[in-house]
Amino acid sequence: MKFHDRTDGELGSKYQQLPLLLGKTCLVRYTAEGARQHETNRRDLPPSWSTPTKLIISLGTSRSQLLTLRQRDWTEPRLVLLSPALFHFALDALPWPLNNKALLLVLEDSGASAWDVYRVGASAPAVSRYLSTVSVPPLQGQIYTLRREPWFRRANLSRLLLRCMSGDYPPFSMTSPQPDGTIALSGLAGDVWQILQQHLHFELVCHAEKDGLWGSYDSARSEWNGILGQLRAQTVDVAAGPFAQNLQRGKFFDFSNALYSRRDDTRVQLQDIPPVPGHEWDIPPVLGHKWDIPPVLGHEWGIPPVPGHEWDVPPVPEHEWDIPPVPEHECPECGWRIWLLTELVTVVVLNVYYSCFLTAILSSDISELPIKSLQDIYERRNQYSLGLLKDSSMVETFKFASEDDVILKKIWKEMISIDPRSLTSTEENIERSLADPRHVSLTEYNYYRITFTDCRLTLLPGKEFSASVGFPFRQNLPVKQVINYWILKLTESGILRKLHIKWENKARKEELCAPSSPIVLGLEESYTAFLLLGAGLLLSVTILLGEWSHYYTLRRARKP
């Protein structure tokens, strides 16, 4: 292994093996700057490692050697080995960016000490933190400390100033103007940034976007507008409001870890079928059967024949059915009375079934969806319109759809792009859907449910769009990795979920719509359904009383 200059005897001969031991134990590929490449044997790597990581080792024995490192790439894993005499000079002379992955090893006679060093800005002083002692060869616990990524250790960003921009998207992001021209953040995003500031001690200064736009991409001019436009121009460092991620935005911005997942769905006005007095209800057939309304008393009850089958009672071999005759003096009228009672019981049962079924049909909320999916919207594009939030991620989803999403490209080209009213605010889209049953709104589910719930609109059962929501940063912002680590900690601890529930409950104005709302019928609409039932019951009770009286009259007549 070759270093910048020859190794100095003050470091001791055993420390010449330390870079090799660290590189092999950490399972990385290491190089000395200006020297040949060396790759660790892949058989030594764990199965989860697809390719080894490069580890750059720099040995500084003089100030001139350390100064040559100022223009190097500090975003890759790096070991900086030096003597104690050069420690403070290295802190002041080297860049140590906030996103560096370097470890500073101070080589001493009894061992080496490992330090994590970083700067929050180019003009800020370096912050150093002692990690552990490193023996030769390193112990397993020491190796674990050295292998971990440094983001969790960098919790002192007290000299960092982050410029941000945000807008109103309640309850996830809400702003209030301040006397100095800045804005104060509240809502879910405001709570997250407040927690991050408490842990990391940085300063966040936010302003509102003058046009009030979140940001969309103009492919003809190759530029972004709104908050994302300011982020692209690097006039701000981060958008402090929640933004959905998609492929188009990912090409221009870096995103934080997800705060939550959002879904966008289509809503259309229900077509209700109310009960109308005097209207004939056509009940659809079920499983090929027809609903035969039973005849009223006096009609003949015909049992429909089953095709290919005759109702013949087979004779029992060598057996005769001897039915003893009934003496006429005991019950001369039993035959016709039994027949009459059987028919009346049948009428009562059928009437009960018919009345209950008819009542259930008339008291149900019968609604139908005029369209079921985006495909239906496109096929009926001459009759229906589709509205999107004018600067949302869904505009980019339709506008820059891949070749596989044919229906999205067609809807954008033949419906949305030619209708200026299709791109507007969520409020205007909802109002238009309520006023026009042929206008379909594509809205974010949680935002609609919390802010605009209206039971006259319903969710289409077709395709949903889902995306992760996070904070966009300008590309290559060093602090992104540190903030990402702490957002991940908030997610794993459940704090982020509790904040989401907190702001949902605060913002919700009313209970969600019931899954169904039965139509309560009055007596005027439903009394005819119960006439046959009442008549059948009255007649059955009359006959029962007559039978009971006739039975006891016969018993008294037989007594001597």
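Preceding block: the structure.
Residues numbered from 1 in each chain as written. Predicted model: local features only at pLDDT ≥ 70, side-chain atom pairs only at ≥ 80, totals over all residues. Heavy atoms only, no water.

Things to note about the state of the cysteines
Heads up, the condition is: Two cysteine sulfurs form what is called a disulfide whenever their separation falls within 2.5 Å. Runs of E in the DSSP output that reach at least two residues are strands. Runs of H or I that reach at least four are helices, and both are numbered from the N terminus. Here's how the labels work: a residue is buried when its accessible area is under 20% of the maximum for its type, exposed when over 50%, partly exposed in between, all with a 1.4 Å probe on protein chains only.
With the rule as written, the count across this model stands at one disulfide. Through a disulfide, Cys164 is tied to Cys206; the S-S separation comes to 1.4 Å. Pair noted here: Cys164 is in strand S7 (residues 161-166) and Cys206 is in strand S10 (residues 203-208), with a separation of 42 residues, a long-range link. For Cys206, a relative accessible area of 3% corresponds to the buried category.

A closer look at helix H5 (residues 187-200)
Because each turn of an α-helix spans 3.6 residues, side chains separated by three or four positions in sequence point in the same direction. Note the threshold: To estimate the expected span of a helix, subtract one from its residue number and multiply by 1.5 Å.
Helix length check: H5 (14 residues) gives 20 Å between terminal C-alpha atoms against 20 Å at 1.5 Å per residue, within 8%. All of the buried residues in H5 are Gly187, Leu188, Ala189, Gly190, Asp191, Val192, Trp193, Ile195, Leu196 and Leu200. Within two residues after H5, His201 carries a phi angle of roughly 65°, on the positive side.

So, the packing of aromatic side chains
To be explicit about the condition: Aromatic pairing here means that ring centres of Phe, Tyr or Trp (its six-membered ring) are within 6.5 Å. Orientation follows from the plane angle: under 30 degrees is stacked, over 60 is edge-to-face, and everything else is tilted. The criterion for a charge sitting over a ring is simple: Lys NZ or Arg CZ within 6 Å of the ring centre, and within 35 degrees of the ring normal.
Taken as a whole and assessed by the stated rule, the structure comprises 19 aromatic pairs. A centroid spacing of 4.8 Å and a plane angle of 40° characterise the contact between Trp193 and Phe471, whose relative ring orientation is tilted. Note that Trp193 is positioned in helix H5 and Phe471 in the loop between strand S23 (465-470) and strand S24 (472-473), a separation of 278 residues in sequence. Accessibility assignment for this pair places Trp193 and Phe471 in one class, buried. Its end group placed over the ring of Tyr445, Arg263 keeps NZ or CZ at 3.8 Å from the ring centre. The lysine or arginine in question, Arg381, covers the ring of Tyr378, its NZ or CZ lying 4.2 Å from the ring centre.

Comments concerning unusual backbone geometry
Cis geometry is found at the peptide bond from Pro170 to Pro171, where omega equals 0°. Relative to the helices and strands, Pro171 is located in the loop between S7 and strand S8 (174-177). Residues other than glycine seldom take positive phi values, yet Trp96 does so here, at roughly 45°. Its location among the elements puts Trp96 in the loop between helix H3 (87-93) and strand S4 (102-107). Phi at Gln234 is positive, roughly 65°, even though this residue is not glycine. You can see Gln234 is positioned in the loop between helix H6 (226-232) and strand S13 (238-239).

Limitation: the analysis is restricted to geometry and does not speak to function.
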